[in-house]
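Close look at the chain arrangement
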Amino acid sequence: MPLNNQRTISKPSYLKGVGLHTGQTVNLALLPGKLDSGIVFKRKDLKENNLIFANYNNVTPSILCTKIQNENSVSVSTIEHLMAAIYGEEIDNLLIEVDGPEIPIMDGSARDFVKSIRESGIKNLKGDRKYIKVLKKITVKQGDKFISIEPFDKLKIDFEIVYNNPIIKKQREIFQNSQSDLELFYNSRTFCLFEDVEKIKKKGLAKGGSLENAVVVKDDAILNKEGLRYKNEFVMHKILDCLGDLMLCGNRIRGSIVCSQGGHQLTYELIKKIFSNKENWALENQVLNKLQPNKKTFPARIAISA
Ligand SMILES: [Zn+2]
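First, a word on what this report is: a plain description of the structure on this page. Computed from a prediction, not measured in an experiment: that's the story for all the values here. (Residues numbered from 1 in each chain as written. Predicted model: local features only at pLDDT ≥ 70, side-chain atom pairs only at ≥ 80, totals over all residues. Heavy atoms only, no water.)

**Topic: a nonpolar patch on the surface**
The grouping of F194, L211 and L223 at the surface amounts to a nonpolar patch, some 240 Å² of accessible area in total. Within the secondary structure layout, L223 lies in the loop between β18 (221–222) and α5 (233–246). (Patch = residues over 30% accessible without salt bridge, like charges linked within 9 Å, V, L, I, M, F, W, Y side chains within 5 Å. Areas by Shrake-Rupley, 256 points an atom, 1.4 Å probe, with all protein chains shown as cover. Salt bridge = Lys/Arg side-chain N within 4 Å of Asp/Glu carboxyl O. Helix = DSSP H or I, 4+ residues; strand = E, 2+ residues; numbered from the N terminus.)

**A closer look at the pairing of strand β3 (residues 25–32)**
Pairing of strand β2 (residues 13–18) with β3, which is carried by six bridges, proceeds in the antiparallel orientation. Bridging across to β3, G17 finds its partner in V26. Pairing geometry for β3 and strand β9 (residues 94–98), over five bridges, is antiparallel. Paired with P32 across the strands is L94, a residue of β9. (Pairing = 2+ DSSP bridges.)

**Remarks on the coordination of the zinc ion**
Metal coordination angles in their ideal form are 109.5 degrees for the four-donor tetrahedron and 90 or 180 degrees for the six-donor octahedron. Distances from the zinc ion to its protein donors, namely H81 (NE2), H237 (NE2), D241 (OD) and D241 (OD), fall within the range 2.1 to 2.8 Å. Relative to the metal, the four donor atoms surrounding the zinc ion lie at angles of 52 to 146°, and the coordination shape comes out irregular. Expressed as a motif, the donor residue spacing for the zinc ion is H-x155-H-x3-D. Pair noted here: H237 and D241 are both in helix α5, with a separation of four residues, about one helical turn. For H237, a relative accessible area of 1% puts it in the buried group. When its relative accessible area of 10% is taken as the criterion, D241 is described as buried. (Donors = N, O, S within 2.8 Å, 3.2 Å for Na, K, Ca; no water. Tetrahedral: all angles 85-135°; square planar, octahedral: opposite > 155°, others 65-115°. Buried < 20%, exposed > 50% of the residue type's maximum accessible area, 1.4 Å probe, protein only.)

**Some remarks on the side chain of T66**
When you line up the elements, T66 lands in the loop between β6 (59–60) and β7 (67–69). Here T66 is in contact with V76, S77, T78, I79, E80, D245, L248 and H264, once residues within four sequence places are set aside. (Contact = heavy atoms within 4.5 Å.)

**Thoughts on the nonpolar core**
Counting 72 residues, the largest nonpolar core has F41, I86, I157 and I253 as the members making the most contacts within it. Sequence-distant contacts of I253, that is, excluding residues within four places in its chain, are made with Y87, I132, V134, I149, L155, L246 and I274. If you look at the next biggest cluster of nonpolar residues, it comprises six residues, including A29, L31, V40 and L51. (Core = buried A, V, L, I, M, F, W, Y, C linked by side-chain atoms within 4.5 Å.)

**So, unusual backbone geometry**
Although it is not a glycine, S73 sits at a positive phi angle of roughly 60°. Tracing the sequence through the fold places S73 in the loop between β7 and β8 (75–77). Even without being a glycine, K169 presents a positive backbone phi close to 45°. Relative to the elements of secondary structure, K169 occurs in the loop between β14 (155–162) and β15 (170–176).

Structure below.
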């Protein structure tokens, strides 16, 4: 297997948008990262303790999105679609500056993040990329939800959702790491059922939610004028979320995932279970002790000039 160089972007890129849950308009800057620095978020609105490393050890409980937090309780949420773009575009090191607590939702998909990364161009760094190789089958079950991963030489995600709704019904899609596949997943938007909108808003969430950034399904109708981008957009978005959450492993993971009815929480439980036992995984093309997954904050990746 050939060694791959680590990659970052070759020049900065800027985006602006509203946070889905906070409703706050934020500015986002994607900046080139140094070798081995990983994916790092920086809260530009805060003067100190403002770095948050994108690692599963920093995930904090959250409803309907993925949120990471540093040891000083400084957090950034709804990172998953940007992280999925980073996963798919094979970026290893990136500094992401944001002047608020939530990454903008843009159109509800990863499309604008991917466009930004592509416009910036790719810079190869002088160091090998590492991969996490899964060595054993790991399963997490929660009621009727289920996720498993088993050894495989690439990443494969076989995902199924079942909704009591005549449009969504049962959808299943398989992701296999190829460039042509990726576009469809990138463009798939977040979604919700109309009857859940009120419940979500009552919890103080989705303040920035609209038909501009989410597909809303009411019985057998799509409320968005433009309709769906693909018939299977719902399950494809779930795979996009899964890709973004897997990027929190710190390195790309190789394994075959099967998931039914999963989401951010279940993917996170799977990642925790993988790293809970050294016998479950190994780093390929790399000295094993460079990654220490059981520390609270991610070590050895502080090569960022703040
Ligand atoms: Zn999502």
